[in-house]
Amino acid sequence: AITKGVSVTSSRVLTKMAVYKSVVFVCAVLLLFSACHGYPTGAPATACVSLHPGHMLNATNAVVPQTSTSPYSIVVDGDKYTPGTALSVRIVGPVFRGFLIQARKPGMTTPIGTFSNAPTDTKTANCTTADSSMTHANPNQKENITLTWNPPSTGVGNVHFIATVAEMKVTYWMDVTSVEISEDSSGGASLAKPTFYLLILCLIQAVFFLK
């Protein structure tokens, strides 16, 4: 009877230890995920100017950006843009999970134009104005995505694209910048004056022939 009692007591102790270990493991996992704080459904509004994602290792320590050369690049479809005409912009490089991108005038922080036709796992963001930025919609893997930028209907001079790209919560690069693109001023409207002058010249010649 004594042996049976010891066996039952030992079994209860082992069960309690197993439960305790399970609770400790679950708490540790929850602590790990809560300590590394990120924004899985898109960049926060506080990142609109600085493009800093605001990821935290814990309550007091922020995740700092990488200082190495970024493995990502921003590739623009052409070296010019036409006011009011959509332009393709790509984020090229290895798999990543988060990003925030804007078009800006060099040296300025105000977004220019709008983004549209958000690809899968991405969405537009409102920074200053509606749809002026593009960001991730979830933490799914993304690679070599193509975005659609719509410049203002009135030209604003040279612009470039600047982004923060996060491979993961604790690994991200800031100031990923494209080459500058210039405004294309050779559109149809610029032909109006030469055509007008040519018409005047033809009328003058016609008058001389009629004399």
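Our subject is the structure listed above.
Residues numbered from 1 in each chain as written. Predicted model: local features only at pLDDT ≥ 70, side-chain atom pairs only at ≥ 80, totals over all residues. Heavy atoms only, no water.

**Some words on the overall build of the protein chain**
The helix and strand inventory of the protein chain stands at two helices and 11 strands. Ordered by position in the sequence, the α and β elements of the protein chain form the string α-β-β-β-β-β-β-β-β-β-β-β-α. Looking at the protein chain as a whole, 28% of its 211 residues are labelled buried. When the accessible surface of the protein chain is split by element, carbon and sulfur atoms take 64% of a total near 12,900 Å². (Helix = DSSP H or I, 4+ residues; strand = E, 2+ residues; numbered from the N terminus. Buried < 20%, exposed > 50% of the residue type's maximum accessible area, 1.4 Å probe, protein only. Areas by Shrake-Rupley, 256 points an atom, 1.4 Å probe, with all protein chains shown as cover.)

**Thoughts on the sheet that holds strand E3 (residues 87-92)**
Taken together, four strands build an open sheet; the order of strands is E1-E3-E8-E5 and the sheet is antiparallel. The strands lining the two open edges of the sheet, one partner per strand, are strand E1 (73-76) and strand E5 (114-116). Taking each pair of neighbouring strands and ignoring which way they run, the sheet shows an average axis angle of 35 degrees. Pairing of E3 with strand E8 (residues 145-150), which is carried by five bridges, proceeds in the antiparallel orientation. Bridging across to E8, Leu87 finds its partner in Trp149. (Pairing = 2+ DSSP bridges. Axes fitted to C-alpha atoms, helices over the stretch in contact; angles between N-to-C directions.)

**Regarding the side chain of Thr164**
Secondary-structure assignment places Thr164 in strand E9 (residues 160-168). A polar side-chain atom of Thr164 sits 2.6 Å from the main-chain carbonyl oxygen of Leu51. (Polar contact = N/O pair within 3.5 Å; in protein donor to acceptor, adjacent residues only side chain to side chain.)

**Considerations on a nonpolar patch on the surface**
On the surface, Leu57, Met168 and Val170 cluster together into a nonpolar patch covering about 230 Å² of accessible area. Structurally, Val170 is set in the loop between E9 and strand E10 (171-177). (Patch = residues over 30% accessible without salt bridge, like charges linked within 9 Å, V, L, I, M, F, W, Y side chains within 5 Å. Salt bridge = Lys/Arg side-chain N within 4 Å of Asp/Glu carboxyl O.)

**Comments concerning the nonpolar core**
Formed by 24 residues in total, the largest nonpolar core has its most connected members in Ile91, Ile101, Trp149 and Phe161. Elements represented by at least two residues in this core include exactly E1, E3, strand E4 (98-104), E8, E9 and E10. Leave out the neighbours within four places in its chain, and Ile101 touches Ile74, Val89, Ile91, Phe115, Ser133, Met134, Leu147, Phe161, Ile162 and Ala163. (Core = buried A, V, L, I, M, F, W, Y, C linked by side-chain atoms within 4.5 Å. Contact = heavy atoms within 4.5 Å.)

**Side note on the environment of Met174**
By secondary structure assignment, the location of Met174 is in strand E10. Met174 sits 11 residues away from Ala163 along the chain, and the two C-alpha atoms are 6.4 Å apart.

**Observations concerning the side chain of Lys142**
Here Lys142 lies in the loop between strand E7 (129-136) and E8. The buried charged residue Lys142 lacks any salt bridge partner; its closest oppositely charged side chain belongs to Asp121, at an N-O distance of 5.4 Å. Side-chain polar atoms of Lys142 contact the backbone oxygen of Asn140, separated by 2.6 Å. Filtering out sequence-adjacent residues up to four positions away, Lys142 remains in contact with Pro94, Val95, Phe96, Arg97, Phe99, Asp121 and His136. (Lys, Arg positive; Asp, Glu negative; His and termini not counted.)

**Quick look at the layout of surface pockets**
Rolled over the atoms, a probe sized like a water molecule indicates the empty space that remains. The space that makes up the largest pocket amounts to roughly 280 Å³. Among the elements of the structure, E4 and E9 are those that each provide at least two residues to the lining of the largest pocket. Residues belonging to the lining of the largest pocket are distributed by class as follows: 12 nonpolar, seven polar and two charged. (1 Å grid on protein atoms, 1.4 Å probe; cavity = no way out; pocket = protein on both sides within 12 Å on 5 of 7 lines; lining within 4 Å. Points joined across faces, edges and corners; volume = space filled by probe spheres on them. Nonpolar A, V, L, I, M, F, W, Y, C, P; charged D, E, K, R; others polar.)

**Some words on the state of the cysteines**
Evaluation of the coordinates by the stated rule reveals one disulfide. Note that Cys48 is cross-linked by a disulfide to Cys127, the S-S spacing being 2.0 Å. As the torsion about the S-S bond is roughly -70 degrees, the Cys48-Cys127 disulfide counts as left-handed. With a gap of 79 residues between them, Cys48 in the loop between helix H1 (2-35) and E1 and Cys127 in strand E6 (residues 122-127) connect regions that are remote in the sequence. (Disulfide = S-S within 2.5 Å.)

**Examining the environment of His136**
Among the secondary structure elements, His136 is positioned in strand E7. In this structure, the C-alpha to C-alpha distance between His136 and Ala125, residues 11 residues apart in sequence, is 9.3 Å. A polar side-chain atom of His136 sits 2.7 Å from the main-chain carbonyl oxygen of Tyr39. Of note is the side chain of His136, whose polar atom sits 3.1 Å from the backbone nitrogen of Phe99.

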